[in-house]
Amino acid sequence: MLLFLKSISFRSVNPQNQESDQQDMKNNSCRELATATSTSSSCISLTVWRKSLIFSCKGFTVIGSDGSLVYRVDNYSGGRGQITLMDGSGKPILTICRHKTLRLADNNWFIYEGEVGNDKYNSSSSKSSSSRKKPIFSVKKQMKILHSNINVLAHVYYQGISKKRYSYIIEGSYANRSCKVLDAESRNVVAEIRKKKAVTDGVTFGLEVFVLVVMPGFDSGFAMGMVLLLDQMFS
């Protein structure tokens with residue numbers, strides 16, 4: 001299955017292995033997402049497979065346009081605790097932890113750089129442990145009944161949920177694999193989740209395989225972190 005995904009991903013976005021009309025479609029797709037401040041017309045297109053390469057583990061496998069393994073998530077139990085995003089070699093890039101409290105409805109997640117211990121998302125962790133590393137972002141799931149715009153899925157805050165102004169907005173439907181991450185100030189799209197389209201006849205993709213498009217200047221690892229968060233919130 002991995003070789004098949006690499007082949008499909010490589011053929012779908014690599015200009016050396018596709019016809020000129022397919023390349024034009026890719027460039028047009030990138031331009032649709034481009035902002036007025038963009039300095040490049042090219043964007044990154046990653047194929048995301050909602051499955052770990054390790055047998056009996058749940059997770060994600062992310063393939064680049066050249067067929068290489070870009071990101072991976074292993075030992076992902078599907079729970080609502082902690083997830084670590086790694087690069088292709090297994091180096092931790094981001095850790096996503098759900099904030100645990102005694103409240104019945106808790107919709108806050110924290111994003112840490114690198115890897116952190118399990119006590120980071122546990123409300124009973126010690127002060128000395130929690131002070132070693134602080135989150136770089138926090139994400140709050142939008143409660144539909146409290147918001148007029150039902151298209152909003154979550155708000156992303158820089159360095160803590162206590163900040164009143166959020167940095168990014170996530171809109172769309174993760175269940176339909178149709179989401180956009182927008183800059184809160186400019187409303188420009190910085191990343192987008194799309195359904196994977198077949199390149200050859202007879203090839204179909206379900207919801208387990210989709211595309212993550214990342215605009216120039218936006219970190220693809222952070223964009224993949226948004227995918228993990230949406231999967232935690234809405235799967």
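Provided above is the structure to which this section pertains.
What you see is a predicted model, and the numbers here were worked out from it, not measured in a lab. Residue positions are given per chain, counted from 1 along the sequence in the order it is written. With pLDDT at 70 or above as the cut-off, local features in this predicted model cover only qualifying residues; side-chain atom pairs require 80 or more to be listed or tallied, and sums for whole chains, interfaces and linings still use all residues. Side-chain numbers come from the whole structure's heavy atoms, not from hydrogens or water.

**Points about the pattern of salt bridges**
Reasoning step 1: We count a salt bridge whenever a side-chain nitrogen from Lys or Arg sits within 4 Å of a carboxyl oxygen from Asp or Glu. One pass over the structure, following the stated rule, counts 5 salt bridges.
Reasoning step 2: Residue R50 is joined to E208 by a salt bridge in which the shortest nitrogen-to-oxygen separation is 3.4 Å. With a gap of 158 residues between them, R50 in the loop between β1 (44-49) and β2 (60-63) and E208 in the loop between β11 (189-195) and β12 (209-214) connect regions that are remote in the sequence.
Reasoning step 3: A residue is classified by how much of its surface remains accessible, and R50, at 27% relative accessible area, is partly exposed.
Reasoning step 4: Between R50 and D231 there is a salt bridge whose closest N-O contact spans 2.6 Å. Taken together, the residues R50 in the loop between β1 and β2 and D231 in helix α4 (residues 220-234) connect sequence positions 181 residues apart.
Reasoning step 5: Exposure classes here rest on a 1.4 Å probe applied to the protein chains alone. A residue is buried below 20% of its type maximum, exposed above 50%, and partly exposed in between. When its relative accessible area of 1% is taken as the criterion, D231 is described as buried.
Reasoning step 6: Beyond isolated ion pairs, a larger network of salt bridges with shared partners links R50, E208 and D231. Helix and strand assignments come from DSSP, with helices taken as H or I runs of at least 4 residues and strands as E runs of at least 2, each series counted from the N terminus.

**Some points on the nonpolar core**
Reasoning step 1: Grouping buried Ala, Val, Leu, Ile, Met, Phe, Trp, Tyr and Cys residues that are joined through side-chain atoms within 4.5 Å yields what is termed a nonpolar core. Residues F60, I111, L212, F222 and M224 are the most contacted members of the largest nonpolar core, which totals 38 residues.
Reasoning step 2: Among the elements that take part in this core, α4 stands out by supplying 9 residues, more than any other.

**Comments concerning the packing of aromatic side chains**
Reasoning step 1: Think of it this way: a Phe, Tyr or Trp ring, Trp meaning its six-membered ring, pairs with another when their centres are within 6.5 Å, and the plane angle makes it stacked under 30 degrees, edge-to-face over 60, tilted otherwise. What the rule picks out here adds up to 8 aromatic pairs.
Reasoning step 2: Ring plane angle 65° and centroid distance 5.4 Å describe the contact between F137 and Y158, whose orientation is recorded as edge-to-face. Of this pair, F137 sits in strand β7 (residues 137-141) while Y158 is found in strand β8 (residues 152-158), placing the two residues 21 residues apart along the sequence.
Reasoning step 3: Taken together, the ring pairs connect F137, Y158, Y168, F218 and F222 into an aromatic cluster.

**Things to note about the side chain of D74**
Reasoning step 1: Positionally, D74 belongs in the loop between β3 (69-73) and β4 (82-87).
Reasoning step 2: We classify D74 as buried; its relative accessible area is 12%.
Reasoning step 3: Counted as a polar contact is a pair of N or O atoms within 3.5 Å, where, for protein atoms, one must be capable of donating a hydrogen and the other of accepting one, and residues adjacent in sequence contribute only when both atoms are in side chains. A polar contact of 2.7 Å, which involves the side chain of D74, links it to the side chain of S52.
Reasoning step 4: Reaching out from D74, the side chain makes a polar contact with the side chain of R72 at a distance of 2.6 Å.
Reasoning step 5: Contacts are residue-level and defined by heavy atoms, with any inter-residue pair within 4.5 Å sufficient. Ignoring anything within four residues of it in the chain, the contact list for D74 reads S52, L53, I54, K58 and M86.

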